[in-house]
Amino acid sequence: MKWLQIHITVDQAQVDFTETLLESLGAVSVTLDDAENQDLLEPLPGETPLWNKVIVTGIYAQEDDEEIDVNALETFIRTQMPDAPMRSEFLEDQEWERTWMDAYEPIQIADKYWIVPEWMEAPEPDAVNIKLDPGLAFGTGNHASTFLCLQWLGKTDVKDKIVIDYGCGSGILGVAALLLGAKKVYATDIDPQAILATEQNAALNGVAENLYVGLPDEFNLELADQKADVFVANILAGPLMMLAPEFATLVKSEGEFALAGVIEEQVSDVSSVYSEFFDILEVEKRDENWCRISGKRHTL
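Residues numbered from 1 in each chain as written. Predicted model: local features only at pLDDT ≥ 70, side-chain atom pairs only at ≥ 80, totals over all residues. Heavy atoms only, no water.

Draft legend 1. Representation of the environment of E288. Counting through the fold element by element, E288 comes out in the loop between strand 13 (278-286) and strand 14 (290-297). Using a relative accessible area of 72% as the deciding quantity, one classes E288 as exposed. Residues E288 and E264 lie 24 residues apart in sequence; the distance between their C-alpha atoms is 8.4 Å. (Helix = DSSP H or I, 4+ residues; strand = E, 2+ residues; numbered from the N terminus. Buried < 20%, exposed > 50% of the residue type's maximum accessible area, 1.4 Å probe, protein only.)

Below you can see the structure in the form of structure tokens.
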């Protein structure tokens, strides 16, 4: 048996229609993928993804004695979606789950410090190994911003410290902090999917009991008057600048911080806003444009 894959790139608003169209044409499976490497959560089952551009893929089974008329199929799709980019390909019979899993490899952050897909053996069993299910959420360490934050945590003394992960996504940064020896991590995100993903990844790594995660209002109540020794926020420049005064209240005197989700052209503006509250000690760049800003809270 062979399998036909038809990939259609659409805007978020067209996803439901495209799924329904492909299923009505006999697709045995429809999958959704990010089309722009956007660092956002994957959808939970039955939910619309948050990506702005989505690759919708329909998979069709071709029996040995009955060929699929690919031209007729594509022609009909184009009558319904004339402007959507589309491509198709045939694949030999294979174990689909295995193919998906094979797309991931362990990622080395630093010496003795890895991200390892949960089904794989750790390259260095005695290293700090963050187990991650890439299907739960983005924030797997591949994106430059996430990698920069993981790298920074690896060279920051977090042992027995209180850490805040603001904009936690998959929870990978909070999990990493705990595996590196943090006493407690308080994590928050505005998206309920992120809360679920963070809880699941914390459990997967055996650190759930030392991690609190909640939506911002719940997070603020749980944190109360406690301040962080180490603070990390991997969001975007606009929210970072808007939240600077609030973030300053969350960090102890001389507490360490790292900000990511900032492109090179935004570093000056973000640093200017944060310099009122923090000493900017380092700007690190990765993949040509993405940057991490780090330093310490002013002495209070």
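Having seen the structure, we can now continue with the description.
Draft legend 2. Expanded view of the UniProt feature "binding site: S-adenosyl-L-methionine" (unreviewed entry) in the protein. According to UniProt, the feature "binding site: S-adenosyl-L-methionine" (unreviewed entry) maps to T146, G167, D189 and N234 in the numbering used here. Within the secondary structure, T146 sits in helix 4 (residues 144-154). Position of G167 relative to the elements: it lies in the loop between strand 8 (162-166) and helix 5 (172-179). Apart from the residues lying within four places of it in its own chain, the contact partners of G167 are T188, D189, N234 and I235. (UniProt positions renumbered as here; feature names shortened; annotations may be inferred. Contact = heavy atoms within 4.5 Å.)

Draft legend 3. Examining helix 2 (residues 70-80) more closely. V70, L73, E74 and I77 are the residues of helix 2 that are buried. Along the axis of helix 2, the buried residues cluster in a sector spanning 90 degrees; they form a single face. Among the exposed residues of helix 2, those pointing more than 90 degrees away from its buried face are N71, T75 and T79. (Arc of directions from axis to C-beta.)

Draft legend 4. Representation of the nonpolar core within the structure. Residues I115, I130, L150, L153 and V185 are the most contacted members of the largest nonpolar core, which totals 32 residues. The dominant element in this core, judged by the number of residues it contributes, is helix 5, at six residues. Beyond its immediate sequence surroundings of up to four residues, L153 is in contact with Y113, V158, L173, A176, A177, L180 and V230. Grouped together as the second largest cluster of nonpolar side chains are 28 residues, I162, Y186, L259 and I293 included. (Core = buried A, V, L, I, M, F, W, Y, C linked by side-chain atoms within 4.5 Å.)

Draft legend 5. Main features of the packing of aromatic side chains. Following the criterion strictly, the structure yields eight aromatic pairs and no others. On the numbers, 6.4 Å between centres and 50 degrees between planes, the contact of Y186 with Y212 is tilted. Taken together, the residues Y186 in strand 9 (residues 184-188) and Y212 in strand 10 (residues 211-214) connect sequence positions 26 residues apart. Here Y186 and Y212 have matching classes, each one buried. An aromatic cluster of three or more residues is present, and its members are Y166, F219, F231 and F247. Above the ring of Y186, the side-chain terminus of K184 is found at 5.6 Å from the ring centroid. Across the ring face of F147, the terminal group of R286 is positioned such that the distance to the ring centre comes to 3.6 Å. (Phe/Tyr/Trp six-rings, centres within 6.5 Å; stacked < 30°, edge-to-face > 60°. Lys NZ or Arg CZ within 6 Å of the ring centre and 35° of its normal.)

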